[in-house]
Amino acid sequence: MNSCFQFLICYSNKNLILIPFLFIFFSCSYKIPEQKKNSLSIHNEVEINFLIYMAGDNNLERFGIQNIRALQEIGSSKKCNILVLFDRSGGYDRTEGNWTNTKLFLISKNPKTMNDDCIYDFEELDMTSVDSLYNFLELVNTYFPAKHTILDLWSHGRGVYPDGIISRSIIEDYTTGYGSTMMMSINDLANCIKKFEDISKKKIDIIFFDACYMQMIEICYQLKDLTDYIIGAETSIPGIGSNYKKIANFLINNDFSIRELAEFFLSATSLSSTDYSYSLIDTSQIDTFLYYFNNFCEELMNYSNYNEIIEKRINMTKVATVYPEFTDLYGFISNFENIDGQNILLQSLSRLIVKSNSIGTFVDKTKGIGINFPYEESEIRFYKPEDTNYEILDFYNDTYFDELLLKVWAVLHIVE
């Protein structure tokens, strides 16, 4: 990592000492200057923290600034802290002081400039590093306590896209490097959140992916025990992302359950006239879905006509032109009405997907959650299910789906 957090904080005439375990789990190359040690203070507990891990050290920089300015039209309140860790770039937007490192913002209402809400100015952080994410979560938990937490992961996303190893998926930081091999893996993301929750004894109630292609069954399954709800898009999304003014206004001015809040986030997607498909996933339904999905895969593995499976796959809805192996999960299952377990599996899927929000060409074509189903040699060569790389994710360890793919590919004479 490039740098990480270390803290010695004072509040209300009581001195806090540096927490020793931070040194145990993370090595640090950056030390906070002496004159900055008193720049943070412990706040009163609020009902909810809305945390945005805004990795904008890339060509999305200007949209991050626009999102923060939208949040600042509403601001935080005694009920809700809106906190943004924003890493910006050096070459895509020159407004708001044109700084290029990483800053922590506690959002207020209508500050004169965006930077007026900066409560800590860091050196450059590698936002692809789980150390940076973990320490952001730990910082907020220590100094901004809350009963509930929403974690918004804001950046580029590539779904579960493989590059030799199948787990690179989210967060791009151009200072660190470019490309799928430089991104944060879903395994690392899940392990980071689990470590935070185990140590803090607090659960993240909602994980929101404001990034392309992240709502996939493989990803949701990896995170199923770490959060109650997952919101994301199985397609690409506009650069501006979600409607953050609308979100902030709802957080500040309404009473709600966590489920109602998750449903609102799903409705607050971009007003941009483009094509996209989002969904809200209830993670408590994932294990039941997996049980029926496994039965479905076993039946398909015993299917008498694999060429028919291939033909149906070719005609499935494509959710990403750049990643043709991504297809809609509902569409995949719906294609096999002659499989005995299809009806009960679709019923289980309808309980898993609380709601979906699709516009443009995806209306009535997708339900908002995807799955990998590569079927051409140019796609398959990345996946390598015959070795251990394909089984890094729990979904492939716990289902027969990868075995099904191998059977299909053997018919195509792509694997033995």
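The structure we're discussing is the one just above.
A look at the overall build of the protein chain
Part 1 of the argument: Each helix and strand in the protein chain was counted, giving 14 helices and 15 strands.
Part 2 of the argument: Relative to its 416 residues, the protein chain shows a buried fraction of 58%.
Part 3 of the argument: Taking all contacts inside the protein chain whose residues are at least 6 apart in sequence as the whole, residues at least 24 apart take part in 74%.
Part 4 of the argument: For the protein chain, the exposed surface amounts to about 16700 Å²; the carbon and sulfur share of it is 46%.

Quick look at the packing of aromatic side chains
Part 1 of the argument: Scanning all chains against the criterion turns up 28 aromatic pairs.
Part 2 of the argument: Ring geometry for Tyr 221 against Phe 395: centres 6.3 Å apart, planes inclined by 75°, an arrangement best described as edge-to-face. One end of the pair, Tyr 221, is in helix α5 (residues 217–223); the other, Phe 395, is in helix α13 (residues 394–398), and 174 residues separate them in sequence.
Part 3 of the argument: Judged by its relative accessible area of 6%, Tyr 221 is buried.
Part 4 of the argument: With a centroid separation of 6.0 Å and 90° between ring planes, the pair formed by Phe 373 and Phe 401 is classed as edge-to-face. In this pair, Phe 373 is assigned in the loop between β15 (370–372) and α12 (377–380) and Phe 401 in helix α14 (residues 401–411), connecting sequence segments 28 residues apart. Here Phe 373 and Phe 401 have matching classes, each one buried.
Part 5 of the argument: Here the aromatic cluster, defined as three or more aromatic residues joined through ring pairs, consists of Tyr 221, Phe 289, Phe 293, Phe 296, Tyr 303, Phe 332, Phe 336, Phe 373, Phe 395, Tyr 396 and Phe 401.
Part 6 of the argument: Just above the ring of Tyr 221 sits the side chain of Lys 224; from NZ or CZ to the centre is 5.2 Å.

Digging into the sheet that holds strand β6 (residues 118–122)
Part 1 of the argument: With respect to topology, 9 strands assemble into an open sheet ordered β6-β5-β4-β3-β7-β10-β11-β12-β14, the strand pairing being mixed. The open sheet has two edge strands with one neighbour each: β6 and β14 (353–359). Strand-to-strand twist of the sheet, defined as the mean angle between neighbouring strand axes without regard to direction, takes the value 15°.
Part 2 of the argument: Pairing of strand β3 (residues 46–56) with strand β4 (residues 80–88), which is carried by 9 bridges, proceeds in the parallel orientation. Its bridge partner lying in β4, Ile 52 is registered against Val 84.
Part 3 of the argument: Against the sheet, helix α3 (residues 130–143) makes contact with β3, β4, β5 (102–106), β6 and β7 (146–154), and its axis sits at roughly 155° relative to β3, the strand it touches most.
Part 4 of the argument: Here helix α7 (residues 258–267) sits on the sheet and contacts β3, β7, β10 (206–210), β11 (229–233), β12 (276–282) and β14; the angle it forms with β14, its principal contact strand, is near 15°.

Comments concerning the environment of Ile 206
Part 1 of the argument: Relative to the helices and strands, Ile 206 is located in strand β10.
Part 2 of the argument: For Ile 206, a relative accessible area of 0% gives the class buried.
Part 3 of the argument: In this structure the C-alpha to C-alpha distance between Ile 206 and Ile 258, which are 52 residues apart in sequence, comes to 7.9 Å.
Part 4 of the argument: For Ile 206, the contacting residues outside a window of four places in its chain are Thr 149, Ile 150, Leu 151, Thr 227, Tyr 229, Ile 231, Ile 258, Leu 261 and Ala 262.

Section: the pairing of β12
Part 1 of the argument: Burial analysis of β12 places 7 of its 7 residues in the buried class, the great majority of the element.
Part 2 of the argument: Side chains Tyr 276, Tyr 278, Leu 280 and Asp 282 project from β12 onto one buried face, and the interleaved Ser 277, Ser 279 and Ile 281 project onto a second face that is buried too.

With respect to the packing of helix α6 (residues 244–253) against α7
Two quantities define a packed helix pair, namely the angle between the helix axes and the distance between the axes.
Part 1 of the argument: Contact pair α6 / α7: the axes reach a minimum separation of 10 Å and the direction vectors enclose 160°. The angle between α6 and α7 falls in the class roughly antiparallel. Where α6 crosses over α7, the two elements pack in a sense that is right-handed. Across the interface between the two elements, Lys 246, Ile 247, Phe 250 and Leu 251 of α6 pack against Leu 261, Phe 264, Phe 265 and Ser 267 of α7.
Part 2 of the argument: Broken down by class, the residue content of the contact of α6 with α7 amounts to 6 nonpolar, 1 polar and 1 charged.

The rules behind these values
Residues numbered from 1 in each chain as written. Predicted model: local features only at pLDDT ≥ 70, side-chain atom pairs only at ≥ 80, totals over all residues. Heavy atoms only, no water. Helix = DSSP H or I, 4+ residues; strand = E, 2+ residues; numbered from the N terminus. Buried < 20%, exposed > 50% of the residue type's maximum accessible area, 1.4 Å probe, protein only. Contact = heavy atoms within 4.5 Å. Areas by Shrake-Rupley, 256 points an atom, 1.4 Å probe, with all protein chains shown as cover. Phe/Tyr/Trp six-rings, centres within 6.5 Å; stacked < 30°, edge-to-face > 60°. Lys NZ or Arg CZ within 6 Å of the ring centre and 35° of its normal. Pairing = 2+ DSSP bridges. Axes fitted to C-alpha atoms, helices over the stretch in contact; angles between N-to-C directions. Parallel < 35°, antiparallel > 145°, perpendicular 65-115°, else oblique. Left-handed = near helix turned anticlockwise from the far one by under 90°. Nonpolar A, V, L, I, M, F, W, Y, C, P; charged D, E, K, R; others polar.

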